[in-house]
Amino acid sequence: MKNFEYYAPTRVVFGKDTEKKAGELAKACGASRVLVHFGGGSAKKSGLLDRICASLTEAGLSYVMLGGVVPNPRLSLVHQGIELCKKEQVDFILAVGGGSVIDSAKAIGYGLYHNCDPWLFYDRKTVASGCIPIGAVPTIAAAGSEMSDSSVITNEDGWLKRGYSSDYSRCRFAIMNPELTCTLPPYQTACGCTDILMHTMERYFSHEKHTDLTDSISEALMRTVMKNARILMEDPRNYDARAEIMWAGSLSHNGLTGCGTAGDWASHQIEHELGGMFDVAHGAGLAAVWGSWARYVYQEEPEKFAQFAVQVMGVPADAGTAEETALAGIRAMEDFFHSIGMPTSLRELGAVPTEEQMKEMAQKCVFFGRRTVGGFRVLHAEDIEAIYRMAL
Ligand code: NZQ
Ligand code: ZN
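(A) Up close: the site of ligand 1. In the vicinity of ligand 1 lie 32 residues, with Gly40, Ser42, Gly99, Ser100 and His199 positioned nearest. A distance of 2.6 Å separates an oxygen atom of ligand 1 from a polar side-chain atom of histidine 199. Protein contacts shield 88% of the accessible area of ligand 1, which totals 960 Å² for the unbound molecule. Of the residues contributing to the shell around ligand 1, the split by class is 9 nonpolar, 20 polar and 3 charged. Residues lining the shell around ligand 1 come from more than one domain, with at least three contributed by each of domain 1 (11–180) and domain 2 (186–391).

Next comes the structure, spelled out in structure tokens:
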């Protein structure tokens, strides 16, 4: 087991009607003037924003609002948010929406704290030393941003999608009411479930030995997500299934499933370039490339993929050699993705890159030679290109 630090400082307030506590929670964090940040309209339509604003007023807090965050959140709106917050002397940001809204809030928080263009952090030009405090009311179980240290922003200048991680951006609290996710269309529900599975797999596929407890937590989490995703495809308003998935979403990305493991993250980096170039939904992009990544790398340690096949996908332990069992597990996960309406190729995703575009994405993915990606198998630009080609 590797040495590790586990730091999960976000206060989780979970369950029905919890959004009514937004005001008192923000006040307890020292807020006086709040930016309520939201997306394209789902939170307005459901009445959630009205309930949040009423709670802030009741707690004696004033607020300004900024909506319009789109999936694959844009740097230009982050800049607008920073200007608005400066003008309005905002001291707390409340993100009401999906991972894109929470990530946009984090980027505004960095820019406001440092009084600079936050792209400097995402472009690795400098490191953050603070962030304006943030609270989150997630309305989709997916990115796990409500408990993670990361955020991902797309710069329209060059369509670069870049992530940045620091503990400063961790949400002070996350109000998680599974009922808020009941209005999600099936496609977004499935994208979210895929992302949650992927956050777990990225940490699970590691060569590190003696990680029994962490592996078992990850395996249980993945089985829980698949079981409840199937329920939601039939019964989207099932509260208990929504609750299981929402909690899994946070735990899959707050570090718990990575304690003592090394982590891979190649599928995420490969997907981020698809998101930047084709603006695809993150979860769907992950499903489209995962099988190709898995077949490209599994021979590094077929036994780990065989463990996944048996413990997570229900492949019989005596199905064959480790290689055969590993491949059966990869096929079973792709079958699961299909069963919830997710693509397992770029064609099915609806984003078919040309040879030139695959080269460009691979170069962007390795920061034009400044890094490699992946831990299970270290990938260079030519490997990434090969995976895009396999995923066509
Ligand atoms: O904007 P609205 O109208 O709210 O519509 C959103 C959006 O169209 C809709 N939606 C959200 N809640 C809803 C709802 N529709 C109906 N009812 C509800 N309750 O869902 C759509 C997708 O929203 P988005 O926020 O983009 O989804 P998600 O949470 O999957 O976030 C994706 C972003 O997070 C990044 C991804 O790269 C992507 O940019 N990630 C962030 C991470 C992090 N910060 O730790 C880690 C992840 O790996 C991921 O990379
Ligand atoms: Zn993700």
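(B) Fine view of the coordination of the zinc ion (ligand 2). For the zinc ion (ligand 2), the full set of protein donor atoms is Asp195 (OD), His199 (NE2), His268 (NE2) and His282 (NE2), at a range of 2.0 to 2.3 Å. Sequence spacing of the donors to the zinc ion (ligand 2): D-x3-H-x68-H-x13-H. Taken together, the positions of aspartate 195 and histidine 199, both in helix H7 (residues 186–204) and 4 residues apart, correspond to about one turn of that helix. Grouping residues by exposure puts aspartate 195 and histidine 199 together as buried.

(C) Main features of the domain arrangement of the protein chain. Looking at the assigned domains, one finds that the protein chain contains domain 1 (11–180) and domain 2 (186–391). Put simply, the middle of domain 1 and the middle of domain 2, counted by C-alpha atoms, are 26 Å apart. Taken residue by residue, the interface counts 30 residues in domain 1 and 27 residues in domain 2. On the domain 1 side of the contact with domain 2, Ala141, Lys161 and Pro178 bury the most area, a combined 23% of that side's loss. At the junction of domain 1 with domain 2, the criterion picks out 2 salt bridges. For arginine 162, the salt bridge goes to glutamate 273, with nearest N and O atoms at 3.4 Å. Secondary-structure elements contributing two or more residues to the side of domain 1 that touches domain 2 are strand S1 (11–14), strand S6 (150–155) and strand S7 (160–165).

So, how was this worked out
Residues numbered from 1 in each chain as written. Chains lettered and ligands numbered in written order. Predicted model: local features only at pLDDT ≥ 70, side-chain atom pairs only at ≥ 80, totals over all residues. Heavy atoms only, no water. Near = heavy atom within 4 Å. Polar contact = N/O pair within 3.5 Å; in protein donor to acceptor, adjacent residues only side chain to side chain. Areas by Shrake-Rupley, 256 points an atom, 1.4 Å probe, with all protein chains shown as cover. Nonpolar A, V, L, I, M, F, W, Y, C, P; charged D, E, K, R; others polar. Domains from an automatic or database assignment. Donors = N, O, S within 2.8 Å, 3.2 Å for Na, K, Ca; no water. Helix = DSSP H or I, 4+ residues; strand = E, 2+ residues; numbered from the N terminus. Buried < 20%, exposed > 50% of the residue type's maximum accessible area, 1.4 Å probe, protein only. Contact = heavy atoms within 4.5 Å. Buried area = accessible area lost by both parts, 1.4 Å probe. Salt bridge = Lys/Arg side-chain N within 4 Å of Asp/Glu carboxyl O.

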